[in-house]
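Fold and contact review
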Amino acid sequence: MDKRLKEILERKKEIRTQIEAGGEIDFEALNTEIDELDKEARSLEARAAVASKLNDDDKGIEARILGGSDDLESRQTKESVKPEERWMKDLESEEYRKAWAKDMMGEGLTSEERNFMDQVNQEYRNFTHTTKNSEILIPKSVADGIWARAEEVSVLWSRVNKFRIRGNITLLTGGKSDKARFYDEETEVVSDKLEFGEINLTGHELAKAIEVTWKLKKMSIEDFIAYLIREIGKRMGEALSYVVYEGKGSSPSDGSKPEPLGIKTALMAEEGTPRIINAANPGELVYTDLTKFRAALHAAYASGSNIYANSLTVWNVLANIVDGIGRPLFMPDAMNGSVGKILGVSVFEDAGISEGELMLGNLDDGYDANINEDITMYTEDHMKKRITEYMGYAIVDGAPKDTEAFAILNVGTLPEA
């Protein structure tokens, strides 16, 4: 890529970062600068296209004179690259990102851009053996941005152990056995039969659509991409928070659609579970509630465990607990995304936890998720409303692999503020 083109792209990234950071911004000056940058970039691209065409013509003449040796060498080089490697590399390219955004915005593509997009998507379909023909692959930087935004919104989703394996997977979970003992020389060692459980992650559809007015689509390409990442990522994050905590699983008893299995749902399914604690006085917490709550978590999962609750529960209940002489037990401390600590355990806010409930758990060791199919994008125009719907779509599954890694404390109905 031309050095100046790289400089232009870097400057546009700086502008985007400046806008996302907020503060006082001279939008008129930035718009003028972006227009000038785009104009210069188009001029450089046109010049490069002409130079490339001249080079191609020269090579073609030379190849015909020399018996086509250059054509053969070029063809062999191209064929040596595996199709899946080629489309994955193309998916990360700035050329695909720009063509994809223009297509999403309803702008006309050049024949080269259209052919390039079609080629990348067709190679993907050939590689994955999919029969779908309406999905459009999202540039890797955009898909990564959506997942990153989802993790910003959902602390629960950000901390579960995630795989990216296409199709269904089965994961083994360790069985329970007695601990080791000491023996004298004459005593025979008792052996345990080691059994394994398993969780099957098959995949469920995660989709979110947003509406964009035709007027709003007039924004710049970079602004449009940032808007999609922000809005679709936020809504997917909210949905993922919900399913990690109380998703109903593959066979919901209420007849609703299948979804990943949530921690709360798995704990409630255990008859007589000791890992769901009720506060002694509904609507408030006392010190002994917290100690019972902490004791319900298996010691093997204590390291790396955190407390999760929504904002109202954290600040109306947890932050108000005091010891016997009136000192607060909750210590505000914004470290690594947490809002504080209590009993030495970090506390995180997540809107996916129901009001009046606290979850203590080790998500990294206790919950597995799989992104069976990465994000794709669908669009639909509504002419009379003058809007376009953009739907982000992925296939995701997840389930607790050991319920002993979690505990829930029911505070009850919170007092009105």
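Here the structure is shown first, and the text comes after it.
Everything in this summary refers to the structure shown in the same document. Numbers given for residues are sequential positions, taken from 1 along each chain in its written order. With the structure being a predicted model, the display of local features is reserved for residues of pLDDT at least 70 and the display and counting of side-chain atom pairs for 80 or more, all residues being used for whole-chain, interface and lining totals. To get the side-chain values, all heavy atoms of the structure are used, and hydrogens and water are removed first.

This part is about the pattern of salt bridges. Only one rule defines a salt bridge in this text: a Lys or Arg side-chain nitrogen within 4 Å of an Asp or Glu carboxyl oxygen. For the structure shown, the criterion picks out 16 salt bridges. Note that Arg275 is salt-bridged to Glu270, the shortest N-O span being 3.3 Å. Between Asp323 and Arg327 there is a salt bridge; the shortest N-O distance is 2.8 Å. A single network of salt bridges, built from pairs that share partners, joins Glu94, Arg97 and Glu222.

Okay, the packing of helix H5 (residues 94–104) against helix H9 (residues 221–246) next. Here the axes come from fitting lines to C-alpha atoms, over the contacting stretch only for helices, and the angles between their N-to-C directions go from 0 to 180 degrees. Note on conventions: DSSP H or I runs of at least 4 residues are helices, E runs of at least 2 residues are strands, and numbering of each starts at the N terminus. Where H5 contacts H9, the axes come no closer than 10 Å and their chain directions differ by 80 degrees. In this view, H5 runs roughly perpendicular relative to H9, as classed from their interaxial angle. Contact with H5, carried on its side by Glu94, Arg97, Lys98, Trp100, Ala101, Lys102 and Met104, involves Ile221, Glu222, Phe224, Ile225 and Leu228 of H9 and no other residues of that element. Each residue gets one of three labels, nonpolar for Ala, Val, Leu, Ile, Met, Phe, Trp, Tyr, Cys and Pro, charged for Asp, Glu, Lys and Arg, and polar for the others, Gly among them. For the contact of H5 with H9, a count of residues per class yields seven nonpolar, no polar and five charged. In these notes the angle categories are as follows: under 35 degrees is roughly parallel, over 145 is roughly antiparallel, 65 to 115 is roughly perpendicular, and the rest is oblique. In this description, contact between two residues means that some pair of their heavy atoms is separated by no more than 4.5 Å.

Think of it in three bands: with a 1.4 Å probe and only protein chains considered, a residue is buried below 20% of the maximum accessible area for its type, exposed above 50%, and partly exposed in between. Of all 14 residues in strand S13 (residues 387–400), 12 are buried, a share of seventy percent or more. Two strands pair when backbone bridges link them, and strand S12 (residues 367–382) and S13 are joined in this way by 13 bridges, in the antiparallel orientation. The partner of Asp368 across the bridge, within S13, is Ala399. What makes two strands pair is DSSP finding at least two bridges between them. Adjacent in sequence and paired antiparallel, S12 and S13 are bridged by four residues, among which Arg386 carries a positive phi angle near 55 degrees.

Turning our eyes to something else, we now look at the sheet that holds strand S11 (residues 357–361). The seven strands are arranged S6-S14-S11-S7-S10-S9-S8 in an open sheet whose pairing can be described as mixed. A strand with exactly one partner marks an edge of an open sheet, and here the two such strands are strand S6 (276–278) and strand S8 (331–332). The sheet contacts of helix H11 (residues 287–295) involve S6, strand S7 (306–309), strand S9 (340–342), S11 and strand S14 (406–410), and relative to S14 the element is tilted by about 155 degrees.

Looking now at the environment of Glu238. For Glu238, the position within the fold is in helix H9. Residue classification places Glu238 among the partly exposed residues on the basis of a relative accessible area of 40%. Separated by 81 residues in sequence, Glu238 and Trp157 have C-alpha atoms that sit 9.4 Å apart.

We now examine the packing of aromatic side chains. Here the aromatic set is Phe, Tyr and Trp, taking the six-membered ring for Trp, and pairing holds for ring centres within 6.5 Å; pairs whose planes are under 30 degrees apart are stacked, those over 60 apart are edge-to-face, and all others are tilted. Evaluated as defined, the whole model comprises five aromatic pairs. Each ring, one from Tyr96 and one from Phe116, has its centre 6.3 Å from the other, and the planes form 75 degrees; the classification is edge-to-face. Of this pair, Tyr96 sits in helix H5 while Phe116 sits in helix H6 (residues 111–128); the two residues are 20 residues apart in sequence, bridging distant segments of the chain. Overall, Tyr96 belongs to the buried group, its relative accessible area being 0%. Aromatic pair Tyr308 and Phe348: ring centres 5.8 Å apart, planes at 25 degrees, arrangement stacked. One end of the pair, Tyr308, is in strand S7; the other, Phe348, is in strand S10 (residues 345–349), and 40 residues separate them in sequence. Each member of the pair, Tyr308 as well as Phe348, is classed as buried. Over a ring means this: the NZ of a Lys or the CZ of an Arg is within 6 Å of the ring centre and within 35 degrees of the ring normal. Just above the ring of Trp157 sits the side chain of Lys162; from NZ or CZ to the centre is 5.0 Å.

The next subject is the pairing of S7. The side-chain alternation of S7 yields two buried faces, one formed by Asn306 and Tyr308 and the other by Ile307 and Ala309. Of the pairings in the sheet, the one linking S7 to S11 comprises three bridges and is antiparallel in character. Directly across from Ile307, in S11, lies its bridge partner Leu360. Bridge count for S7 against S10 is three bridges, and the pairing is parallel. Within S10, the residue paired with Tyr308 across the bridge is Phe348.

What follows covers the side chain of Asp350. With respect to the helices and strands, Asp350 occurs in the loop between S10 and S11. When charges are counted, Lys and Arg are positive and Asp and Glu negative, with His and the chain ends excluded. Although buried, Asp350 forms no salt bridge, and the nearest oppositely charged side chain, Arg159, lies 8.5 Å from it. Whenever two N or O atoms come within 3.5 Å, that pair is a polar contact, provided that in protein one can donate a hydrogen and the other can accept it, and provided that, for residues adjacent in sequence, both atoms are side-chain atoms. Here Val155 takes part through its backbone nitrogen, which lies 2.8 Å from a polar atom of the side chain of Asp350. Side chain to side chain, Asp350 and Ser241 meet in a polar contact 2.6 Å long.

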